[in-house]
Amino acid sequence: MAETFEFKAEIQQLLHILIHSLYTEQEIFLRELISNASDALHRLQFEMLTMHDAFDPDAELAIWITADPGAGTLTVRDSGVGMTRDELVTNLGTIAQSGATAFLKALQEQGDTATNIIGQFGVGFYSVFMVAERVQVTSRSFRPEAAAARWTCDGSPHFTVEEAEMDRRGTEIVITLKEEAREFANEWRLRQIVHRHSDFIAFPIYVGQPAEDEAPQPANQQVALWRKAPREVDEEAYRNFYRQITLDAGDPLLHVHVSSEAPIDLHAILYVPGRRDRGPLAPREYGLRLYSRKVLIQERAPDLLPEYLRFVEGVVDSEDLPLNVSRETVQASAPVRKIRNNLVRRLLREMETLATEQPDAYRTFWEQFGGFLKEGMAIAPDDHEALIGLLRFRSSQTGPEGWTSLAGYVERMKEGQDKVYYLFGEDLTSIAHSPHLDPFKASGTEVLYLTEPIDSFMMMSLRQFDGHDVQNIADAAVDAPEVDTAAGEALPDDLFNPLLKRFNEVLGEQVVAVREARRLTESPARLVPPDGAPGADNLERVRKLVEEDFQLSKRVMEINRRHPLIRSLALTLQADPMDLLLPDMITQLYENALLVEGIHPNPAEMVSRIQAIMAAAARPHPRDKGEEAPHSAAPE
Ligand code: ADP
Ligand code: MG
């Protein structure tokens, strides 16, 4: 008895759009059907590992495509797991709701091109309605007790499900093509599409009926690309395969083909995608496809690479995985650990090669994926050695566009310099104004600029490079270059000491102390963590990121007795110890220092104080009158 079901609203809408729009890439419907057939065959193989009474056990595992140009029909059949009546209702009727919603959104945002990635939304099957007037799916499950059933839909908001006759296992989809899609009832055309989109499907795909006296010839190569020797595979093939497994229309930045039989059997092709952000449609999950003895064990195996390499895509195949591995035990198995080490080593090595042989490509790589390698530095001590050479930095000498490696930095070190210096900041502009840079600028010593949150984690484990200590120049204890302190006229003690005292009174509990700066040249003041705590600044930045209510420790404020602003403040204090603006100016100077340090808790709060100071500066000041007059109003 046929039973009629109504599609959910989202799927109705999806069908309506697919039926009534003219998409350029209609042919991908076949790729989607083949992909489903291939999934069904892989699942069957997987089930057969543990189940011995599957229905129709001797059927060849394959996909058959035939066309009838006269009738305008096309049939795609597989001998995979098949579907029961209930599965037909669920899998082709109700389950895809959320995928349909997401896909419709993608269509709106990306237009036509979204059809190409329809498969990523779990609604690939419905792409058949780009070309079909009517679709009939007849299926018989591998479960011995299940009966055959048929699903039929003509694109209306309904589908029907009924009993059917079918004496072999699997699924047969009969498509009645729309008038304008009759080209797909042509076997030559079908072969072309199979070759273009489904060449590496692991099961034979037969197109058309073989002639009486001939053995059937599959239209696809089947031999998995990763099982070939790397020298037999050309660039074009690697690119095509990348597109096929990622559904990214662009090219990868890097591919790595691992092919070894001993000490472990391992065949893998890994890709670094062309860009990190492949849009809202990029897969949310990560992981490599894991095959063992040609059986797909896991669609996305996240354990084959460390988490920080989650941007890598690809396929891994190994005969050394135990045959009965369940998806859960993959992680724990010893061969998996070996595979993982092997893959990481190869990947990092190829990245190194990219860096030396194709600096421009490496630059793109770094700009897209550098953050992941920094994360690796922070959390994967085993890979530290390999990662450290891959790091790139902005510095006081690279400018905002350039990058340097640590080795490059060491090459440029000055006579007598034996440390690698770095500094944290909010962004490149504010960091370049940091007062900590004063003695380094004065002596022309390069400083690495670190402006991303992950940097503070990374630097926790980057203490040494190539025998050189790596030091944060914001630490009070850093061995900064000697600067010529004779430059600029220093305030005498009788002016400076009272000012220092006043600073301490005004800032009070906000700071540990205010004291004289020894290394500043251009800046009036700076903040440093309390003495004797190298790494304190770094540690605090990390804690600030991970601890919700973390309070930064108080800083020591250093003021520069050679700076004109400090001099003016001292003179103001001397002229009028009760000057009303002085406390505001001292507080503002402190908060400016917090700001360039990138640790001001709420910069907007400074606005009213700055405006008060501006108001005072804008009003003709009694003290300035006598001096200003000759400049401004002198008659000719
Ligand atoms: P996806 O393949 O991403 O799950 P599809 O819309 O392509 O989404 O297919 C929906 C579901 O229909 C599949 O998950 C599967 O359960 C079922 N299905 C489709 N085609 C077949 C087939 N040839 N054999 C068995 N099941 C199938
Ligand atoms: Mg699919």
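Definitions and limits used
The numbering scheme is per chain: residues are counted from 1 as the chain's sequence reads. Think of it this way: whatever chain is written first is A, whatever ligand is written first is 1, and the rest follow in order. Local features in this predicted model are restricted to residues of pLDDT 70 or higher, and side-chain atom pairs are both shown and tallied only at a pLDDT of 80 or more, whereas totals for entire chains, interfaces and linings draw on every residue. Side-chain figures throughout are based on the complete set of non-hydrogen atoms in the structure, without hydrogens or water. For this analysis, a ring pair means two rings from Phe, Tyr or Trp (six-membered ring only for Trp) whose centres lie within 6.5 Å, classed as stacked if their planes differ by under 30 degrees, edge-to-face if by over 60, and tilted for the remaining angles. Note on conventions: DSSP H or I runs of at least 4 residues are helices, E runs of at least 2 residues are strands, and numbering of each starts at the N terminus. Note on criteria: charge over ring means Lys NZ or Arg CZ within 6 Å of the ring centre, with the direction from the centre no more than 35 degrees off the ring normal. Each residue is placed in one exposure class: buried if its accessible area under a 1.4 Å probe, protein chains only, is under 20% of its type's maximum, exposed if it is over 50%, and partly exposed if it falls in between. The contact rule is simple, with two residues in contact once any of their heavy atoms fall within 4.5 Å. A pair of strands counts as paired when DSSP detects no fewer than two bridges linking them. Orientation is described by lines fitted to C-alpha atoms, with helices fitted over the stretch in contact, and by angles between N-to-C directions that extend from 0 to 180 degrees. Any helix carries an expected span of 1.5 Å times its number of residues minus one. Here, the term nonpolar core denotes a set of buried Ala, Val, Leu, Ile, Met, Phe, Trp, Tyr and Cys residues that are joined through side-chain atoms within 4.5 Å. Domain boundaries shown here were taken from an automatic or database domain assignment. These descriptions rest on fixed angle ranges, namely under 35 degrees for roughly parallel, over 145 for roughly antiparallel, 65 to 115 for roughly perpendicular, and the rest for oblique. Crossings are assigned a handedness: left-handed for a near helix turned anticlockwise from the far helix by less than a right angle, right-handed for a clockwise turn. Throughout this entry, Asp, Glu, Lys and Arg are counted as charged residues, while Ala, Val, Leu, Ile, Met, Phe, Trp, Tyr, Cys and Pro are counted as nonpolar. The remaining residues, Gly among them, count as polar. Only heavy atoms are used to decide nearness, and a residue is near a molecule or strand if one of them lies within 4 Å of it. Contacts described as polar in this section are N or O atom pairs within 3.5 Å, which, within protein, must combine one atom able to donate a hydrogen with one able to accept it, while residues neighboring in sequence count only if both atoms come from side chains. The reported arc concerns the directions from the helix axis to the C-beta atoms and nothing else. For this document, the term salt bridge refers to a Lys or Arg side-chain nitrogen within 4 Å of an Asp or Glu carboxyl oxygen.

Observations concerning the packing of aromatic side chains
Part 1 of the reasoning: Under the defined criterion, the tally for this structure stands at 22 aromatic pairs.
Part 2 of the reasoning: Taken together, a centroid distance of 5.7 Å and an interplanar angle of 40° make the contact between Trp226 and Phe241 tilted. With Trp226 in the loop between β8 (205–207) and α6 (235–246) and Phe241 in helix α6, the pair connects residues that are 15 residues apart, well separated along the chain.
Part 3 of the reasoning: Among the aromatic residues, those joined into a ring-pair cluster are Phe5, Phe7, Phe125, Tyr126, Trp151 and Phe159.
Part 4 of the reasoning: Geometry around Trp64 places Arg77 over its ring, the cationic atom sitting 4.1 Å from the centre.

Remarks on the side chain of Ser523
Part 1 of the reasoning: As for its placement among the helices and strands, Ser523 is situated in the loop between β19 (511–516) and β20 (525–528).
Part 2 of the reasoning: Residue classification places Ser523 among the buried positions, given a relative accessible area of 9%.
Part 3 of the reasoning: With residues near it in sequence (within four places) discarded, Ser523 still touches Pro435, Asp438, Asn560 and His563.

Considerations on the sheet that holds strand β21 (residues 555–559)
Part 1 of the reasoning: Pairing within the open sheet is mixed, and its three strands lie in the order β19-β21-β20. If you trace the sheet from one side to the other, it starts and ends with β19 and β20, each paired once. Each strand axis lies, on average, 20° off the axis of its neighbour in the sheet, ignoring direction.
Part 2 of the reasoning: Bridge analysis of β20 against β21 gives four bridges, and the strand direction is antiparallel. Within β21, the position partnered with Ala525 by the bridge is Ile559.

Remarks on helix α17 (residues 582–597)
Part 1 of the reasoning: Taking 1.5 Å per residue, 16 residues should reach 22 Å; α17 reaches 23 Å between its end C-alpha atoms and fits that length.
Part 2 of the reasoning: Turning to α17, its buried residues number three or more, namely Leu582, Ile586, Thr587, Gln588, Leu589, Tyr590, Glu591, Ala593, Leu594 and Glu597.
Part 3 of the reasoning: Taken from the residues just after α17, Gly598 is the one with a positive phi, measuring 80°.

Describing the nonpolar core
Part 1 of the reasoning: By size, the foremost hydrophobic cluster in this structure holds 68 residues, and its most contacted members are Leu309, Phe311, Val316, Leu343, Met351, Leu373 and Leu462.
Part 2 of the reasoning: Ranked by residue count, the leading element in this core is helix α7 (residues 334–357), at nine residues.
Part 3 of the reasoning: Of the residues that make up this core, three or more belong to each of domain 2 (225–356) and domain 3 (393–636).
Part 4 of the reasoning: With near-sequence residues (within four places) excluded, Met351 lies in contact with Leu254, Val272, Leu309, Phe311, Tyr362, Phe365, Leu373 and Leu390.
Part 5 of the reasoning: Counting 61 residues, the second largest nonpolar core, distinct from the first, contains Leu18, Ala114, Ala181 and Phe184.

Focus on the packing of helix α1 (residues 9–20) against helix α4 (residues 97–110)
Part 1 of the reasoning: Their axes nearest at 8 Å, the elements α1 and α4 cross at an angle of 45°. Our classification of the angle between α1 and α4 gives oblique. Relative to α4, α1 is oriented so that their crossing is left-handed. On α4, the residues that touch Glu10, Ile11, Gln13, Leu14 and Ile17 of α1 are Gln97, Ala100, Thr101, Phe103, Leu104 and Leu107.
Part 2 of the reasoning: Class assignment of the residues belonging to the contact of α1 with α4 gives a composition of seven nonpolar, three polar and one charged.

Topic: the site of ligand 1
Part 1 of the reasoning: By nearness alone, 13 residues border ligand 1, and Asn36, Asp78, Asn91, Gly122 and Phe125 come closest of all.
Part 2 of the reasoning: Asn91 has a polar side-chain atom sitting 3.1 Å from an oxygen atom of ligand 1.
Part 3 of the reasoning: Taking Gly122, its main chain carries an N or O atom lying 3.2 Å from an oxygen atom of ligand 1.
Part 4 of the reasoning: Mapped by element, the contributors of at least two residues to the shell around ligand 1 are α2 (28–48) and α3 (85–94).
Part 5 of the reasoning: Looking at which element gives the most residues to the shell around ligand 1, the answer is α2, with three residues.

Some thoughts on the packing of helix α13 (residues 453–460) against helix α15 (residues 536–546)
Part 1 of the reasoning: Contact pair α13 / α15: the axes reach a minimum separation of 9 Å and the direction vectors enclose 130°. In terms of their interaxial angle, α13 and α15 are classed as oblique. As for how α13 packs across α15, the hand of that crossing is left-handed. Residue-level contacts link Pro453, Ser456, Phe457, Met459 and Met460 of α13 to Asn538, Leu539, Arg541, Val542, Leu545 and Val546 of α15.
Part 2 of the reasoning: Its residues assigned to classes, the contact of α13 with α15 shows eight nonpolar, two polar and one charged.

Digging into helix α5 (residues 187–197)
Part 1 of the reasoning: Along α5, the positions that sit buried rather than exposed are Arg189, Leu190, Ile193, Val194 and His197. The buried residues of α5 occupy an angular sector of 140° when the element is viewed end-on, so they sit on one face.
Part 2 of the reasoning: Packing partners of the buried residues in α5 comprise α2, β2 (63–68), β3 (73–78), β8 and α6.
Part 3 of the reasoning: Sitting at the head of α5, Asn186 places a side-chain oxygen 2.8 Å from the backbone nitrogen of Trp188.

Some remarks on unusual backbone geometry
Part 1 of the reasoning: In this chain, Ala262 is followed by Pro263 through a cis amide linkage whose omega measures 0°.
Part 2 of the reasoning: Along the chain, Pro263 turns up in the loop between β9 (254–260) and β10 (266–272).
Part 3 of the reasoning: If you check the backbone angles, Asp56 has positive phi at about 55° while not being a glycine.
Part 4 of the reasoning: Here Asp56 shows up in the loop between α2 and β2.
Part 5 of the reasoning: For Asp56, a relative accessible area of 21% gives the class partly exposed.

Considering the environment of Ser98
Part 1 of the reasoning: In this structure, Ser98 sits in helix α4.
Part 2 of the reasoning: Each C-alpha atom, one on Ser98 and one on Phe121, is 8.4 Å from the other, the two residues being 23 residues apart in sequence.

Considerations on the pattern of salt bridges
Part 1 of the reasoning: Throughout the structure, instances matching the rule amount to 36 salt bridges.
Part 2 of the reasoning: For Glu3, the salt bridge goes to Arg85, with nearest N and O atoms at 2.4 Å. On the criterion of sequence distance, the pair formed by Glu3 in strand β1 (residues 3–6) and Arg85 in helix α3 is long-range, its members being 82 residues apart.
Part 3 of the reasoning: What makes Arg85 partly exposed here is its relative accessible area of 27%.

Digging into the sheet that holds strand β17 (residues 464–465)
Part 1 of the reasoning: Here we have five strands laid out as an open sheet, ordered β14-β16-β15-β18-β17, and mixed in their pairing. Unpaired on one side and paired on the other, β14 (394–395) and β17 mark the two borders of the sheet.
Part 2 of the reasoning: Inspection of the sheet shows strand β15 (residues 419–424) paired to strand β16 (residues 448–450) by three bridges, in the parallel sense. Bridge pairing in β16 links Phe424 to Leu450.
Part 3 of the reasoning: Those strands touched by α13 are β15, β16 and β18 (468–472), and its axis lies near 150° from that of β15.
Part 4 of the reasoning: Contacting β15 and β18, α15 runs over the sheet at an angle of about 40° to β15.

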